[in-house]
Every structure is written in C-alpha cells, then in structure tokens.
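Residues per chain are reported as follows:
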Amino acid sequence: MTLHPGAGTAVPADPEHDPTATYALDPAVVRRLTSRIVSTTGEAQKSTAPFTGQPIASLPVSSPADVVTATAQARAAQRSWATVPLDLRARMLLRLHDLVLDRQDEILDLIQWESGKSRKHAFEEVAHVAMTARYYGRTAHRHLAPSRRMGVYPGLTRIDVNRIPRGVVGIISPWNYPFTMALSDGLAALLAGNAVVHKPDSQTPVTALFGIDLLTQAGMPGDLWQLVYGPGDVVGSAIVDNTDYVCFTGSTRTGRAVATRAAERLIGASLELGGKNPMLVLRDADLDRAAEGAVRACFSSAGQLCVSLERVYVADQVFEPFMKRFVQRTEAMKLSSAFDYSADMGCLISQAQLDTVVHHVDDARDKGATVVTGGRPRPDVGPLFYEPTVLSGVRPGMSCFSDETFGPVVSVYRFSDEREAVERANDGQYGLNASIFTRDGARGRRLASQIRCGTVNINEGYGATFGSVDSPMGGMRDSGLGRRQGAEGIHRYVEPQAVATQRLLSLRPVLGMSQERYARTLTTTLRLLKKAHRP
Ligand code: NAD
C-alpha cells in the first residue's frame, strides 16, 4: 500500500516546496485494515496528516461494550494459542522480521504521513521492530522454558518454575512511535502465550493497523490480537477494566490514572511515561562527537521521544567550544516533509504539541532566557513545523526548566564539578534516560551508577540502550514502572509458577521420630547446610 495522489491533486516532485501536497490511501486497503476494529457504535473518527492537515482515514469508534467483546474473543483465542509449541510462536516473529524489512517503503510512508516525522527517524521504528522480532524469536526458550531451582531437601525436592501466560494483555500505545510502540510490546506478549487487546492512539491508527496486518501475514491466528479504537478515557479505561495486564506508554498523568485503576483490580501494569532527560558533557569529551550526538538525541522525531534529551550540562572548561559545534550543527539541520531521506527533522504531531513548544520557548524568553538558536514556528515548511531550538539561561520558574516539552527544545547549562552535574541531572521528578559524553568509559560508568535513570548511554544519546533489545528499558521515579525489552520485557507477561515434586522423604518426622527430635535434627542439618553451601 503506497501513498498515491489524492483525488484531483498532484503530488509534487519535492513536497517541501509545496506544503499543499496531498496523498491518499487505497480505500480498499483501508476498509480491510479497519474491518479488524471491534466497533458497534456506528461512529467514526478521522485522523489527519501533520505535514498538511489533510484527512487520512475515518475509523470506527469502539465503546466499552466493544472492549468487553474484544476481550472475550481474545480470551477464547488465547486458550488454543497457549498450546502452540514455543518454536512455532517464535517462527511467526522471525517471519514478521522479514516482512517488516521487505515492506519498509510502505511502512515508512505511513509512519511519516501519520506522525509527521522525517524518514530517517521513521526508519528507527522499522529497525526496532525487526530487532525486537529477531531477538524474542531467537531467545524464546531462554526466557520461557521451565527452569529448575534448588528444593528444600536438596536432591529430594525437585523444583520446576513454569512461566504461565497472564491471559489477555491490554496495550495502549502512543502516537510518537506509532509502529514500534504498537508492535514491539505485543510481540513479547504473544510469544509468552498471551492474546492482546490493543488501542492505538487516535492520531496514528493506520500505521498500527498495518503492522498488525503484517503480523497476521506472518501467521498470527485471526482473533489473537483484537483492535479497539477511540478516546483514551473511554476505550483505554475499558481495557484496564477488562484485561489481565496492561502495557501503557504515554504521559505521567495518564499513567498514574492507569496504575490506580489497575491496582483496584490487582492486575499488573508496565508504564513507560515522560522524561526530562539530561546529558552530561565532561571536560574530557570528544566535542565533535558530543555535539553530533546531542543533535541526534535532542531533535529525533522533533523531540517527541520519551528518551530524547531536553537538558544538556557542559563542563566549564569546554562550554564555548561545545556550544559552537552544537549550534553550528543545529543550524545546519534541514526541516522538510519530504518522503525521502533528505530531511533532518520533520514536524510536530498536532496543534496541541506545537502550542506546548511555543509556550515553553516564549515563557522562557519572557522570563529572561536566551534563545541561542531557533525559537520560531516554520509555517513556510508546514503547519506544524518548529525550529530546533537551543536555550541558555533557563531557570526554575520557567515551564521548560522541569516540565517535559516533548518538542525540539533543549536547555544548556554549565557546571564546574562533576558531583554537582550528577546532582543537577537527578533534579526533578523524572528518571527515564541520561547520556554522558567522556573519553573515559570507566569514569562514565561510575557516574552512571549515581544517576537515577532507567537507562544511561555513554557516548550516545539514547540509541545505544534503545537498540540493545537484550537490555531492560524503562523509567525510575515518575518516568514509569516496569521495563520493556530483554528478559524483563517478556517476564512481565508471565506468572512464575513453582512446582515442587517431593521424592522419598516427606516433610515430617520419619521412622517414629518425635516432633522435638525432628526439630533438633533439622536444626543440626540447617547448620551443616549453611557451612556446606558456599555460593
Ligand atoms: P496521553 O497520556 O494523554 O495519551 C497516551 C495514550 O493513552 C493515548 O492512546 C490515549 O488515548 C490513552 N489514554 C488517555 N487517557 C486514558 C485513560 N484515562 N486510560 C487509559 N488510556 C488513556 O498522552 P498524549 O495526550 O498523547 O500526549 C501528551 C503528553 O504525553 C506528551 O506531551 C508527552 O509528554 C507524553 N507522551 C509520552 C510518550 C512516551 O513515549 N513516554 C508518548 C506519548 C506522549
């Protein structure tokens, strides 16, 4: 399904120079994709393209009753799915890996069109889904096979730990990474033997539907992944009320509401929420590398990335040379809505995101901060474009000092000693991601252990941890609960079950032994076991 000209409108060779360019999806494909949504309301909701403001598709809206239906269908499908051998489930993920790479042009068009991001940032999503599919496809047994543990009577008590699927996993996915956030968390859930009920964000549903369609082509049984669509406070809440576990990605405010509701039902939830992520440039940093890394990590997806950097702390000794390089690179960035790899940055998702960015920058400027570069909307490029912006002199009391901007805006500060830099990096309520640039890896790792963030990247901004899918990823403090990726990312979807098989001796006095003698014998045995068992 590639984009083609909308009725009566030509596609310009270079959309950057014609912001009125429109595209349309093949209506038959849209009908097929949206037919998967469980909806009986008769209502529909339109999504629009951030690059142009043009409508993309009209999708059927679900009700809370539809979520109940979807969950029941998922529950029925899950029962047979849990009996499918692990190798077959894993093979489905490996087929998805190939499909995603083969069909990447269509996926990239869709991601760009629905989210407004540049193609190179859209490609991060394609790569992330492929890497996640390969990783879980290849490590299924390592994470899910029953394991043996030590029993109470060594040699006589055998312990097997089984990984029992939770049942139906609810996924509420965001708009900022509409392809990988729709799919990647669900891949681990499916591999672990669960079904999924999923609500993609209302701003980017078609990308998610296309991904689920690819999963079906990779061999996923029809009813195993149920789709619902509509307002978060109605349809999202109903997911929390009906499923057995919830995976949520979005704002801290909504995450708190989801966690409260999940706690009422005593179901688990993983929450990946906001961040105000810091970067430290130490005095021994390679400044070219640090400046290049800062540009990528501050402005990826126009800063609408939970792990992107919004605060940069630079050692006094290298402040000026770093700033020169950082500002030069920022000013060289090309903003464009081109459907090719020529753009360095796309636009914001919505007027609401643009309003937040404008407010944060104007508020900082009005209260005395300096706009070192950027600081203006760019309607000449498209309605939701904003320049990559570097601020200095940002202080407490300015909105962008501690509130997440979720846009292409970064504040730069100086520091004189590293202890102070770590303290300032730990300021505020968030703890998602941090970055340290230094030529001394051991020093970087020492500082990392003092930073209260779920991921720390040394000599990278966020990509090294995000791309290392064998490692856990998530937030401390107000940035979330639980982790995606790695063993932690799949074990959240299973309940460990310990099965003990007792051989020969029972756990009671034997051979006519009195209870008192039994207690004394056990006491002696415990003392011997402590001496004998040295790990
Ligand atoms: P949001 O938290 O309001 O919405 C995220 C998702 O949750 C959406 O799909 C929404 O429909 C759903 N939702 C809303 N209310 C819900 C409820 N009561 N119960 C269950 N689900 C509900 O975020 P947003 O409005 O899309 O964006 C606002 C801010 O959130 C952004 O500016 C950014 O700070 C943050 N955000 C973070 C991420 C991330 O990757 N961590 C992603 C998107 C947004």
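Just above sits the structure.
First, a word on scope: everything that follows refers to the structure included in this document. Here the structure is a predicted model, which is why all the values come from computation and not from measurement. (Residues numbered from 1 in each chain as written. Predicted model: local features only at pLDDT ≥ 70, side-chain atom pairs only at ≥ 80, totals over all residues. Heavy atoms only, no water.)

Turning next to the overall build of the chain. Each helix and strand counted, the chain has 18 helices and 20 strands in total. For the chain, whose C-alpha radius of gyration is 26 Å, the value lies close to the compact-globule estimate of 24 Å for 535 residues. Oriented by its inertia axes, the alpha-carbon framework of the chain measures out at about 90 × 60 × 40 Å. A buried classification covers 55% of the 535 residues belonging to the chain. Of the contacts made within the chain by residues no fewer than 6 positions apart, 73% connect residues no fewer than 24 positions apart. Carbon and sulfur atoms make up 53% of the accessible area of the chain, which totals about 22100 Å². Measuring between centres, the 60 positive side-chain charges of the chain sit 12 Å from its 55 negative side-chain charges. (Helix = DSSP H or I, 4+ residues; strand = E, 2+ residues; numbered from the N terminus. Rg over C-alpha atoms; globule rule 2.2 N^0.38 Å. Buried < 20%, exposed > 50% of the residue type's maximum accessible area, 1.4 Å probe, protein only. Contact = heavy atoms within 4.5 Å. Areas by Shrake-Rupley, 256 points an atom, 1.4 Å probe, with all protein chains shown as cover. Lys, Arg positive; Asp, Glu negative; His and termini not counted. Charge placed at Lys NZ, Arg CZ, Asp CG, Glu CD.)

Turning our eyes to something else, we now look at the sheet that holds strand E5 (residues 147-149). Strand order in the open sheet formed by three strands is E5-E6-E20, and the pairing between neighbours is antiparallel. The sheet terminates laterally at E5 and strand E20 (494-502), the two strands that pair on one side only. Here the average twist between neighbouring strands, direction ignored, is 30°. Note: strand E6 (residues 157-165) against E20, nine bridges, orientation antiparallel. The partner of Thr157 across the bridge, within E20, is Gln502. (Pairing = 2+ DSSP bridges. Axes fitted to C-alpha atoms, helices over the stretch in contact; angles between N-to-C directions.)

Here we come to unusual backbone geometry. Of note in the backbone geometry, Leu266 takes a positive phi value of approximately 55° without being a glycine. Even without being glycine, Gln485 reaches a positive phi, approximately 75°. Assignment of secondary structure puts Gln485 in the loop between strand E19 (480-481) and helix H17 (486-491). Accessibility expressed as a relative area gives 6% for Gln485, which makes it buried.

Attention shifts here to the pattern of salt bridges. Side chains that differ in charge, positive against negative, can pair when their charged atoms come close. What the rule picks out here adds up to 29 salt bridges. Here Asp470 ties to Arg142 by a salt bridge, and the two come within 3.5 Å at their closest N and O atoms. Of this pair, Asp470 sits in the loop between helix H16 (463-467) and E19 while Arg142 sits in helix H5 (residues 119-144), placing them 328 residues apart in sequence. Note on Asp470: relative accessible area 44%, which makes it partly exposed. Glu460 serves as the salt-bridge partner of Arg296, at 2.9 Å between the closest nitrogen and oxygen. Taken together, the residues span a long stretch of sequence, with Arg296 in helix H10 (residues 287-299) and Glu460 in the loop between strand E18 (455-458) and H16 at a distance of 164 residues. Residue Glu460 is classed as partly exposed on the basis of its relative accessible area, which comes to 21%. (Salt bridge = Lys/Arg side-chain N within 4 Å of Asp/Glu carboxyl O.)

With respect to the secondary-structure elements, Thr373 resides in strand E14 (residues 370-373). One polar contact links Thr373 to Glu331, side chain to side chain, over a distance of 2.8 Å. Discounting residues that sit within four places of it in the chain, Thr373 has contacts with Val327, Thr330, Glu331, Pro388, Thr389 and Val390. (Polar contact = N/O pair within 3.5 Å; in protein donor to acceptor, adjacent residues only side chain to side chain.)

For the coordinates displayed, the defined rule picks out zero disulfides. Left without a disulfide partner, Cys298 is nearest to the cysteine sulfur of Cys400, which lies 13 Å away. (Disulfide = S-S within 2.5 Å.)

Before going further, it helps to spend a moment on the pairing of E6. Note that E5 and E6 share three bridges and pair antiparallel. Bridging across to E6, Ser147 finds its partner in Val161.

Val281, Phe322 and Phe326 are the most contacted members of the largest nonpolar core, which has 151 residues in total. When residues of this core are sorted by domain, at least three fall in each of domain 1 (35-273) and domain 2 (277-474). (Core = buried A, V, L, I, M, F, W, Y, C linked by side-chain atoms within 4.5 Å. Domains from an automatic or database assignment.)

On to the environment of Leu101, then. Its location among the elements puts Leu101 in helix H3 (residues 86-102). Classification of Leu101 as partly exposed rests on a relative accessible area of 32%. Spatially, the C-alpha atom of Leu101 lies 7.1 Å from that of Ala130, the residues being 29 residues apart in sequence. Not counting chain neighbours up to four residues away, the residues in contact with Leu101 comprise Val126 and Ala130.

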